Amino acid sequence: MQQYNCEFNNTDHRTELNGVERLIVRRGQSFTINLHLRSGVYQPGGSALDLTVETGPQPSDQYGTQASFGLTDQIDTSRWSAAITSPPGNMVSLSICSPPDAPIGRWRLTLGQGGRVDFVLLYNPWCSGDVVYMDSEEKLREYILAQDGIIYRGGWKYPIPTPWNYGQFEDGILNACLRILDMNPKCLRNPGKDASGRRNPIYVSRVLSAMVNCNDDKGVLQGRWTDDYDGGVSPLSWKGSVEILRNWDTNACQPVRFGQCWVFAAVACSVSRALGIPCRLVTNYNSAHDTNSNLVIERYVDENGQLVQKSRDMIWNYHCWVENWMTRPDLKPGFDGWQVMDPTPQEKSEGVYCCGPIPLKAIKEGELTDKYDAPFVFAEVNADVHTFMKRKDGSTKKIISSVHVGLKISTKSVGSDRREDITHLYKYPEGSDEEREAFTKANHQNKLLQQQDNAGLLIVIKVSTEMRKGCDFDVFAVITNNTPNEKKCRLVFGSRAVSYNGILGENCGFKDLLNVQLAPGEEKRVALRMNYSKYAENLTEDNLIRLAALLLDYGTQEAYLAVRNVVLVNPEIKVRILGEPKENRKLAAEITLQNPLPVPLQNCCFTVEGSNLTGGQVITERLNSTVEPGQDAKVKIYFTPTHSGLRKLVVDFDSNKLCHVKGYRNVIIGK
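Residues numbered from 1 in each chain as written. Predicted model: local features only at pLDDT ≥ 70, side-chain atom pairs only at ≥ 80, totals over all residues. Heavy atoms only, no water.

An unreviewed UniProt entry lists the protein chain under the name Protein-glutamine gamma-glutamyltransferase 2, with Oncorhynchus tshawytscha as the source organism. Recorded in UniProt under Sequence similarities (unreviewed entry), the annotation for the protein chain is "Belongs to the transglutaminase superfamily. Transglutaminase family." (UniProt positions renumbered as here; feature names shortened; annotations may be inferred.)

1. Some words on the overall build of the protein chain
Looking only at helices and strands, one finds 14 helices and 40 strands in the protein chain. Expected size for 671 residues packed as a compact globule is a radius of gyration near 26 Å; at 29 Å, the protein chain falls within 12% of this value. In terms of overall dimensions, the protein chain has C-alpha extents of about 105 × 60 × 40 Å along its principal axes. Buried residues in the protein chain amount to 55% of all 671 residues. Sequence separation of at least 24 residues holds for 67% of the intrachain contacts in the protein chain that already meet a minimum separation of 6. Summing over all exposed atoms, the protein chain offers an accessible surface of approximately 27,900 Å²; the carbon and sulfur share of this is 45%. (Helix = DSSP H or I, 4+ residues; strand = E, 2+ residues; numbered from the N terminus. Rg over C-alpha atoms; globule rule 2.2 N^0.38 Å. Buried < 20%, exposed > 50% of the residue type's maximum accessible area, 1.4 Å probe, protein only. Contact = heavy atoms within 4.5 Å. Areas by Shrake-Rupley, 256 points an atom, 1.4 Å probe, with all protein chains shown as cover.)

2. Points about empty space enclosed by the protein
Overall, the coordinates contain two cavities of 30 Å³ or more when judged by the stated rule. The computed volume of the largest cavity comes to approximately 80 Å³. In this structure, the largest cavity is lined by Glu-142, Tyr-143, Asp-148, Gly-149, Ile-150, Tyr-166, Arg-273, Arg-280, Leu-281, Thr-411 and Lys-412. Those elements that place two or more of their residues in the lining of the largest cavity are helix H2 (137-145), strand E10 (148-155), strand E14 (279-289) and strand E25 (407-412). Residues belonging to the lining of the largest cavity are distributed by class as follows: four nonpolar, two polar and five charged. Of the pockets and cavities examined, the second largest cavity occupies roughly 50 Å³. Taken together, Ile-363, Lys-364, Phe-378, Asn-382, Tyr-426, Lys-427, Tyr-428, Glu-435, Ala-438 and Phe-439 make up the full set of residues lining the second largest cavity. Contributions of two or more residues to the lining of the second largest cavity are made by helix H9 (360-365), helix H10 (374-382) and helix H12 (433-441). (1 Å grid on protein atoms, 1.4 Å probe; cavity = no way out; pocket = protein on both sides within 12 Å on 5 of 7 lines; lining within 4 Å. Points joined across faces, edges and corners; volume = space filled by probe spheres on them. Nonpolar A, V, L, I, M, F, W, Y, C, P; charged D, E, K, R; others polar.)

3. Comments concerning the sheet that holds strand E27 (residues 457-463)
Strand order in the open sheet formed by three strands is E27-E28-E31, and the pairing between neighbours is antiparallel. Each edge of the open sheet is held by one strand with a lone partner, namely E27 and strand E31 (523-530). Averaged over all pairs of adjacent strands, the angle between strand axes in this sheet comes to 20 degrees, irrespective of strand direction. Both E27 and strand E28 (residues 473-481) contribute to a ladder of seven bridges, which runs antiparallel. The residue bridging Leu-458 from the neighbouring strand is Thr-480, located in E28. (Pairing = 2+ DSSP bridges. Axes fitted to C-alpha atoms, helices over the stretch in contact; angles between N-to-C directions.)

4. Here's the deal with the packing of aromatic side chains
Aromatic rings considered in pairs are described by the distance between their centres and by the relative angle of their planes. As enumerated under the stated definition, the model contains 20 aromatic pairs in all. Ring centres 6.3 Å apart and planes at 55 degrees place the aromatic pair Trp-225 and Trp-316 in the tilted group. Here Trp-225 is found in the loop between strand E12 (221-223) and helix H7 (242-250), whereas its partner Trp-316 is found in strand E17 (residues 314-326), with 91 residues between them in sequence. Taken together, a centroid distance of 5.0 Å and an interplanar angle of 55 degrees make the contact between Phe-606 and Phe-653 tilted. Linking Phe-606 in strand E36 (residues 605-609) with Phe-653 in strand E39 (residues 645-654), this pair joins segments that are 47 residues apart in sequence. Per residue, the accessibility class of Phe-606 equals that of Phe-653, and both read buried. An aromatic cluster of at least three residues, connected via ring pairs, comprises Trp-225, Trp-262, Phe-264, Tyr-285, Trp-316, Tyr-318 and Tyr-500. (Phe/Tyr/Trp six-rings, centres within 6.5 Å; stacked < 30°, edge-to-face > 60°.)

5. Some details on the sheet that holds strand E24 (residues 400-401)
Pairing is mixed across the open sheet formed by five strands, whose spatial order is E24-E33-E32-E29-E30. Two strands in the sheet have a free side with no partner beyond their single neighbour: E24 and strand E30 (504-518). Here E24 runs beside strand E33 (residues 559-567); their pairing, made up of two bridges, is parallel. The residue of E33 that forms the bridge with Ile-400 is Tyr-560.

6. A few points about the environment of Ile-150
On the secondary structure map, Ile-150 appears in strand E10. By relative accessible area, which is 2% here, Ile-150 ends up buried. Contacts of Ile-150, omitting those with residues within four sequence positions, involve Pro-161, Thr-162, Pro-163, Lys-412, Asp-417, Lys-648 and Tyr-664.

7. Quick notes on the nonpolar core
Formed by 64 residues in total, the largest nonpolar core has its most connected members in Trp-164, Ile-244, Trp-262 and Leu-275. Elements represented by at least two residues in this core include exactly strand E9 (115-122), E10, helix H3 (173-182), helix H6 (201-211), H7, helix H8 (261-275), E14 and E17. No other element matches H8, which puts twelve residues into this core. Those residues in contact with Leu-275, other than ones at most four positions away along the chain, are Ile-104, Leu-122, Tyr-123, Leu-174, Cys-177, Leu-178, Leu-181, Val-204 and Leu-208. Leu-457, Leu-601, Leu-623 and Phe-653 belong to the second-largest nonpolar core, a separate cluster that totals 56 residues. (Core = buried A, V, L, I, M, F, W, Y, C linked by side-chain atoms within 4.5 Å.)

8. Focus: H3
Turn by turn, an α-helix covers 3.6 residues, leaving residues three or four places apart pointing in a common direction. With seven of ten residues buried, H3 is to be regarded as a mostly interior element. Buried residues of H3: Ile-173, Leu-174, Ala-176, Cys-177, Leu-178, Ile-180 and Leu-181, and no others.

9. Re H2
Along H2, the residues classified as buried are Leu-140, Glu-142, Tyr-143 and Ile-144. Angularly, the buried residues of H2 cover 165 degrees about the axis, an arc narrow enough to put them on a single face. Contacts made by the buried residues of H2 are with strand E2 (23-26), H8, E14, strand E18 (337-341) and E25. (Arc of directions from axis to C-beta.)

10. A closer look at the side chain of Asp-542
If you trace the backbone, Asp-542 turns up in the loop between helix H14 (532-535) and strand E32 (544-553). Only 3.1 Å separates the side chain of Asp-542 from the backbone nitrogen of Tyr-500, close enough to count as a polar contact. Asp-542 has contacts with Arg-153, Leu-236, Tyr-318, Val-498, Ser-499 and Tyr-500, leaving out every residue within four places of it along the chain. (Polar contact = N/O pair within 3.5 Å; in protein donor to acceptor, adjacent residues only side chain to side chain.)

11. Regarding unusual backbone geometry
Note the cis peptide between Arg-257 and Phe-258, where omega equals 10 degrees. In this fold, Phe-258 is placed in strand E13 (residues 256-259). The amide bond that connects Lys-371 to the next residue, Tyr-372, takes the cis arrangement and shows omega of -5 degrees. Mapped onto the elements of the fold, Tyr-372 is located in the loop between H9 and H10. Notably, Asn-5 is not glycine yet its phi reads approximately 50 degrees, a positive angle. Relative to the assigned elements, Asn-5 resides in the loop between strand E1 (2-3) and helix H1 (6-12). Residue classification places Asn-5 among the partly exposed residues on the basis of a relative accessible area of 23%. Phi at Glu-350 is positive, roughly 55 degrees, even though this residue is not glycine.

12. Regarding the UniProt feature "binding site: Ca(2+)" (unreviewed entry) in the protein chain
This chain's UniProt record puts "binding site: Ca(2+)" (unreviewed entry) on Asn-382, Asp-384, Glu-430 and Glu-435. Of the residues just listed, which span 54 residues, no C-alpha pair is farther apart than 13.9 Å, and they cluster in one region. Within the annotated group, the residues that form the lining of the second largest cavity are Asn-382 and Glu-435. Looking at where Asp-384 falls in the secondary structure, it is placed in strand E22 (residues 384-390). Here Asp-384 falls in the buried class, since its relative accessible area comes to 4%. If you trace the backbone, Glu-435 turns up in helix H12. Setting aside residues up to four positions removed in sequence, Glu-435 forms contacts with Tyr-428, Pro-429 and Glu-430.

So, in structure tokens, the structure goes:
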């Protein structure tokens, strides 16, 4: 008879939030089971015990998915080993340890002739012998144990923090994560080799990059980048990964509809943390999508300055991916640490829609031959942007325009909800010798040859500090004549709704001035009024408007273009906790949102979830009444926290006119 000591072992291995009904341990660290001997008393040296461990459908010594071993005097953490840790008697405490490079997954332990123990083995970032080892307890609390976080959306001028419930320890999530590994095409083709490959987080990260999207396999999420979400839900409706992973797992691995980049990245983060790989989600603002690997994004505008789609090359307002932490013994020294892994299906890598892992240092240094997919990620943060005007007669002319990619690369700070700027981990300071050397290595000739345009005319777009959805406001094209001559120009100043990945929508406001005169040294501000009545019906769920100001110099025939995306800010969701938050005690939260629009809100609905707060479920509260302009939409929800500590209650508000407004409240749960 065996006792698995699940509560003690799981707590010791920091897996107790998965539950204590089964044994879940980390590699390179011993765990203990108790054996009750049916006959006799155990005596050191007088009793023998043979043990066998196996994983996968085709276990073998060759692949490292099977091992046989006996008792030793003490544990050897470098290989499978076992030792008796109790005094002689009829109850024996058996300590067992796996090597720090054992494949992760479901294992079977056979004791002698009969006893069998099933357990799950995970990566161990607390073990110095594991390739995912991270020497910081504070960082491990964030990158492994934290079940919620912040994703940055919006624009580089105005990053908007969006809460997310990763929920990697919620009921059933670990099973779903292991099933993702089992359903990957490499496992289906050669399950024995795949099981062995799971010792390596490089291999597993690449599998996850492919399996979080469903483009080549029975992956988790289907992408959709249009406003047509028939057969699924808008990506903005998701508040966390739990519902997505459960839906996939319980519906015969049918893809969940729909995701976009931050949803793909967030699910990948949940799975990585669940398996024991330190992981964080990253946002790259003005992210280039270079489809032909020439490190150049070519954009075409018409004579009104509006984008004309001639190429698959794009600049996304932002793009999200994840970084996984590991050593890279397959590369030359110096490339350990954070590795980019991108599960959004953009381009194929080795015939499959996946990307990474690639060391951040390889991107920064321009080492584009390193595995995997360095050129694509390098272009996302470094590509050059060339803009051309396509005239009505079919001719094209290069426009003077200043557009930069790879701005304000952001992630959540360790231990707080503040934004951490990590651009310096991807790029050297602009114009530095180190940057020039990296571009030389990457053969980025366009950047090396590019000279600063010292244009005589300068045009920029300026906006007010905060533009709230529902308000009318002005934006400005500011033109400066830095030449000694008087200038006569045409100014075309337009605005269009735009999705976060750069797809343009309908017109939100337009102005065409045929006779703009500027004396030497003069500056002029031209206002464009943005009226709610005009932009309201054209906005996408991303709340983004693209402003473009095209200045044509009649004298020189030069064209100057300024482009800026503005983010319209949603109203704040206020969450008030009623009562003292305690473990396993019912708690109430009052949730309020004031209608900022000049029109009534109908079909109002609040949805709420939070790891260890709402029992792994989404709580929904609907309002039966209409919410007039300036009035509050208010509900009260009840939930019972199951574990103590700092937790995040994530809230989503939806209605006919105000869609998917996000909010959250940090709650400290006492014991």
